[in-house]
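# Structure at a glance
Each chain, written out:
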Amino acid sequence: MTKRQRIENIIVGTLLDLEDHYDDCRGYITDDMFRDETNRRIYGLITKMKDEGCKHTDPCSIFDRFGEDVADIVARMCELCSEFSFESRKIRYNETVFISNSLNGTEYPVTNIEFIDYVRRFINIQIEDEKRN
């Protein structure tokens, strides 16, 4: 998996989580910036729902809103939400650091990265790619 793909997955996975980070993306990221077609499609659905005033954009809410039209991507949405949600990844990482520090007597720092940092990285990658093309 490329760095870009991982960041795309983290952004979409986070927006599918119950924690709302859409405001960090609004106005900066558009669905055409995603190379992965499924991520592009999911981001477009999330944007549509947010524009309609929907608060929740988790996989169940998207399925409730769009029904059979999204049945083919429900499994992928669940995977992104569970494996790539920023909040979950950060918690797992910091727990691992805590356990490692406790067992080994080391003092590795926990991460203080925020979701907006991934948004910035994604935008920078997009700009670099556009310059190359």
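First, a word on what this report is: a plain description of the structure on this page. What you see is a predicted model; the values in this text were computed from it and never measured.

What counts, and where the lines are drawn
Residue positions are counted from 1 within each chain, in the order its sequence is given. Whole-chain, interface and lining totals are the exception, using all residues; otherwise, since this is a predicted model, local features are given only for residues with pLDDT of at least 70 and side-chain atom pairs are given and counted only at 80 or more. Water and hydrogen atoms play no part in the side-chain values, which are based on all heavy atoms of the structure. A helix here means a DSSP run of H or I that spans at least four residues, while a strand means a run of E at least two residues long, and both kinds are numbered starting from the N terminus. Categorising residues by exposure relies on relative accessible area from a 1.4 Å probe, with only protein chains included: less than 20% of the type maximum marks a residue as buried, more than 50% marks it as exposed, and the intermediate range marks it as partly exposed. In what follows, a contact means two residues having at least one pair of non-hydrogen atoms within 4.5 Å. When charges are counted, neither His nor the chain ends are considered; positive counts come from Lys and Arg and negative counts from Asp and Glu. Lysine's charge is taken at NZ, arginine's at CZ, aspartate's at CG and glutamate's at CD. Any pair of nitrogen or oxygen atoms within 3.5 Å is treated as a polar contact; in protein, a donor-acceptor pairing is required on top of that, and neighbouring residues in sequence qualify only through side-chain atoms on both sides. In the sections that follow, a salt bridge refers to a side-chain nitrogen of Lys or Arg positioned within 4 Å of a carboxyl oxygen of Asp or Glu. For this analysis, a nonpolar core means a set of buried residues of the types Ala, Val, Leu, Ile, Met, Phe, Trp, Tyr and Cys, connected via side-chain atoms within 4.5 Å. Any residue with relative accessible area above 30% and no salt bridge may belong to a patch, with like charges joined within 9 Å and the nonpolar Val, Leu, Ile, Met, Phe, Trp and Tyr side chains within 5 Å. To be clear on the numbers: accessible area is Shrake-Rupley with a 1.4 Å probe, and residue cover counts the displayed protein chains and nothing else. What a helix should span is 1.5 Å times the count of its residues minus one. The directions from the helix axis to the C-beta atoms form the arc being described.

To continue, consider the overall build of the chain. Each helix and strand counted, the chain has 7 helices and 0 strands in total. When the helices and strands of the chain are placed in sequence order, the string is α-α-α-α-α-α-α. Overall size of the chain, expressed as C-alpha extent along the three principal axes, is 50 × 40 × 25 Å. Across the 133 residues of the chain, 39% fall into the buried class. Partitioning the intrachain contacts of the chain with sequence separation of at least 6 by distance along the chain shows that 64% fall at a separation of at least 24. Of the charged side chains in the chain, 19 are positive and 27 negative; the average position of the first set lies 5 Å away from that of the second.

Right, let's get into the side chain of asparagine 94. As for its position among the elements, asparagine 94 is in helix α6 (residues 86–104). Here asparagine 94 falls in the buried class, since its relative accessible area comes to 18%. In contact with asparagine 94, not counting residues within four places along its chain, are Val110 and Thr111.

A word on the side chain of threonine 57. Tracing the backbone through its elements, the reader meets threonine 57 in the loop between α3 (37–51) and α4 (59–66). Looking at threonine 57, its side chain comes within polar contact range of the main-chain oxygen of leucine 15, at 2.7 Å. Ignoring any residue separated from it by four or fewer positions in sequence, one finds threonine 57 in contact with Leu15, Leu16, Ile46, Met49, Lys50 and Ile62.

Inspection of every chain in the model, using the stated rule, returns 14 salt bridges. We note a salt bridge from aspartate 20 to lysine 50, for which the minimum N-O separation is 3.3 Å. On the criterion of sequence distance, the pair formed by aspartate 20 in the loop between α1 (3–16) and α2 (22–25) and lysine 50 in helix α3 is long-range, its members being 30 residues apart. Its relative accessible area of 42% is what places aspartate 20 among the partly exposed residues. The class for lysine 50 is buried, based on a relative accessible area of 14%.

So, about the nonpolar core. Counting residues in hydrophobic clusters, the biggest one holds 31 residues, and the most contacted among them are Ile11, Leu16, Cys25, Ile29, Ile42 and Ile62. Among the elements of the structure, α1, α2, α3, α4, α5 (74–84) and α7 (115–132) are those that each provide at least two residues to this core. Broken down by element, this core gets its largest block of residues, 6 residues, from α1. In this view, leucine 16 contacts Ile42, Ile46, Thr57, Asp58, Pro59, Ile62, Met77, Leu80 and Cys81; residues no more than four positions away in its chain are not counted.

It is worth spelling out a nonpolar patch on the surface at this point. A contiguous nonpolar surface patch, about 370 Å² in accessible area, is contributed by Phe98, Ile99 and Leu103. Along the polypeptide, leucine 103 turns up in helix α6.

Here we come to α3. The first and last C-alpha atoms of α3 sit 21 Å apart over 15 residues, in line with the 21 Å expected at 1.5 Å per residue. For α3, every residue scored as buried is listed here: Asn39, Ile42, Tyr43, Leu45, Ile46, Met49 and Lys50. For α3, the angular spread of buried residues about the axis comes to 160°, placing them on one side. Away from its buried face, by an angle of more than 90 degrees, α3 presents the exposed residues Glu37 and Asp51. On its buried face, α3 is in contact with α1, α2, α4 and α5. Among the residues of α3, the N-terminal cap falls to aspartate 36, whose side-chain oxygen and the backbone nitrogen of threonine 38 are separated by 3.0 Å. Following α3 by one or two positions, glycine 53 has its phi on the positive side, about 95°.

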